[in-house]
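# A look at the structure
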Protein chains: 2
Amino acid sequence: MLNYSTSEENYIKAIYHLQQMDDMVTTNELAAELKTKPASVTDMMKKLKAKKLLNYERYQGFRLTNEGNKVALGIIRRHRLWEYFLAEKLKFTWDEVHEVAEDLEHVTNKKLIDKLDEFLGFPRVDPHGDPIPDANGKIEIMKKICLTELPLNKTAIVGSVSDQSSKILELLEHKNISIGTRLEIKKRFEFDNSMEVRIGRQPAFTISKQLAENIFVLNN
Amino acid sequence: MLNYSTSEENYIKAIYHLQQMDDMVTTNELAAELKTKPASVTDMMKKLKAKKLLNYERYQGFRLTNEGNKVALGIIRRHRLWEYFLAEKLKFTWDEVHEVAEDLEHVTNKKLIDKLDEFLGFPRVDPHGDPIPDANGKIEIMKKICLTELPLNKTAIVGSVSDQSSKILELLEHKNISIGTRLEIKKRFEFDNSMEVRIGRQPAFTISKQLAENIFVLNN
DNA sequence: AAATAAATTTAGACAAAACTAAAAAATAGT
DNA sequence: ACTATTTTTTAGTTTTGTCTAAATTTATTT
């Protein structure tokens, strides 16, 4: 695996993200995303095409090649592992981690990242609930479903919370639920739609219908 | 505190290190240290002079200004904290940490570094026994003395081991002594010059004269 | 389908950081 | 004191990544 400059990596990552929405990425879109000028984008597209990371014919937009996607997943792996580290170990809040990880992600030392992964206990999702690619670049495609739709006895990872008020956060903290928590539903009660939830091997506890409706879990 | 490019930082750090030996640093010395050409050094010296980090008159060599020294200490703080992290948390060996820290040190985010420092428990020395500047850029000037010369009941930090053979390392590991370990001498026996050593509040244990002669501690 | 607008690319310039080759200053040797 | 040598600097290029302004292609509208 070759090495790419910080600038090249930022382009590759931005293209990867834009591809998730539209399948063809345009010059203007990318310029806006990277806060740069369309002319600069065209210059870089030529370079990335020459390095076979990109399929690109002029005026036609572009997509990453398989190789380009692999490189993107490597960058995203580094970014999300650092985000996890910052939140979990250094106690940054979830809204602060992205900016710092933007810099750390460009340190490309495979041993560093694999040892960091191990130190962190091979986390599956970052503090925003986005999945972390593994050492081989495999990423779990997970769809988010509401906790109310999770089948009984099927473990899932908390991916996001729709309401971001301090009231819900206080409750979640009390119940020891945060993004990345792996849990399962042990029982549902039809009377009030409350449910018994279990985290790992700890004793199960109850959460209300209202709370469950605001929790989304990742399903693979 | 302004921000400097990776290249500028590498020059500043190299000048700082060379200044410890000679007090005037020359163009050729610096070019050799950075594996670059003298002409490139001259170019950069002009730039750093313009930024008031350097005292420099042409053909006269150069020294960092007070401001330049402050910047250097910031870089060294980052470098050594990352080295400590890599060795202590990620289980890199002491000879692997330098290279990786060379990259990590250029991520200049004060909050990141201060939180890392806290997470690591405010270590005083890196895995090579070199002191780590604090958040204000203060560095403890410590001189290394042989463990045989450490006064009784005075704690000191292990800074280096003169013999690097696997035999001594095996013994040190068994006694739970490594670089950075804080210890004190509780008693010396004149008969064989062996001594009783204590680490923290653990029970004291004995080390031989031969071992003590190869251990150097930092004294402030 | 021609005219206009929008998006994209080209051409040329610039800044940072490096290099080579040549010139200038300092040091050393006789 | 005058060469010769070493060190340092200058001048001119190169590469990477950016930019502006102009040209070109594609898309839209009437």
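Below, the structure is looked at part by part. (Residues numbered from 1 in each chain as written. Chains lettered and ligands numbered in written order. Predicted model: local features only at pLDDT ≥ 70, side-chain atom pairs only at ≥ 80, totals over all residues. Heavy atoms only, no water.)

Residue and element names in this part refer to chain A. Axis separation between helix 4 (residues 66-88) and helix 6 (residues 110-119) bottoms out at 10 Å; the angle between their running directions is 40 degrees. As far as their axial angle goes, helix 6 and helix 4 are oblique. Helix-helix and strand crossings are classified by hand; for helix 4 and helix 6 the assignment is left-handed. On helix 6, the residues touching Arg77, Arg78, Leu81, Trp82 and Phe85 of helix 4 are Leu112, Ile113, Asp114, Leu116, Asp117 and Phe119. (Axes fitted to C-alpha atoms, helices over the stretch in contact; angles between N-to-C directions. Helix = DSSP H or I, 4+ residues; strand = E, 2+ residues; numbered from the N terminus. Parallel < 35°, antiparallel > 145°, perpendicular 65-115°, else oblique. Left-handed = near helix turned anticlockwise from the far one by under 90°. Contact = heavy atoms within 4.5 Å.)

Near DNA strand D there are 20 residues, and of these Ser5, Thr36, Ser40 and Lys47 of chain A together with Tyr56 of chain B occur at the shortest range. For DNA strand D, the backbone portion of the atoms within 4 Å of the protein, that is sugar and phosphate, comes to 78%. Tyr11 of chain A is positioned with one of its side-chain polar atoms (N or O) 3.4 Å from a phosphate oxygen of DNA strand D. A distance of 2.8 Å separates a phosphate oxygen of DNA strand D from a polar atom in the backbone of Tyr59 of chain B. For the surface near DNA strand D, the secondary-structure elements that each account for two or more residues are helix 1 (6-21) and helix 3 (38-50) of chain A together with helix 2 (27-33) and helix 3 (38-50) of chain B. Within the surface near DNA strand D, the residues separate by chemical class into 7 nonpolar, 8 polar and 5 charged. (Near = heavy atom within 4 Å. Polar contact = N/O pair within 3.5 Å; in protein donor to acceptor, adjacent residues only side chain to side chain. Nonpolar A, V, L, I, M, F, W, Y, C, P; charged D, E, K, R; others polar.)

Now for the protein's contact with DNA strand C. Near DNA strand C lie 20 residues; those nearest to it are Tyr56 of chain A together with Ser5, Thr36, Ser40 and Lys47 of chain B. In DNA strand C, atoms within 4 Å of the protein come from the sugar-phosphate backbone in 81% of cases. The contact in question runs from a phosphate oxygen of DNA strand C to an N or O atom on the side chain of Thr42 of chain A, over 2.8 Å. In the model, a phosphate oxygen of DNA strand C is placed 2.6 Å from a nitrogen or oxygen of the Ser5 of chain B side chain. Those elements that provide at least two residues to the surface near DNA strand C are helix 2 (27-33) and helix 3 of chain A together with helix 1 (6-21) and helix 3 of chain B. Its residues assigned to classes, the surface near DNA strand C shows 7 nonpolar, 8 polar and 5 charged.

Overlay of chain A on chain B (RMSD 0.2 Å): rotation 180 degrees, translation along the axis 0.1 Å. Both chain copies can therefore be described as sitting about a two-fold axis. Closest to the rotation axis within chain A is the C-alpha of Leu104 of chain A, separated from it by 3.6 Å. Most of the interface of chain A is mirrored in chain B, where 100% of its interface residues are also at the interface. (Least-squares fit on C-alpha atoms with pLDDT ≥ 70 in both.)

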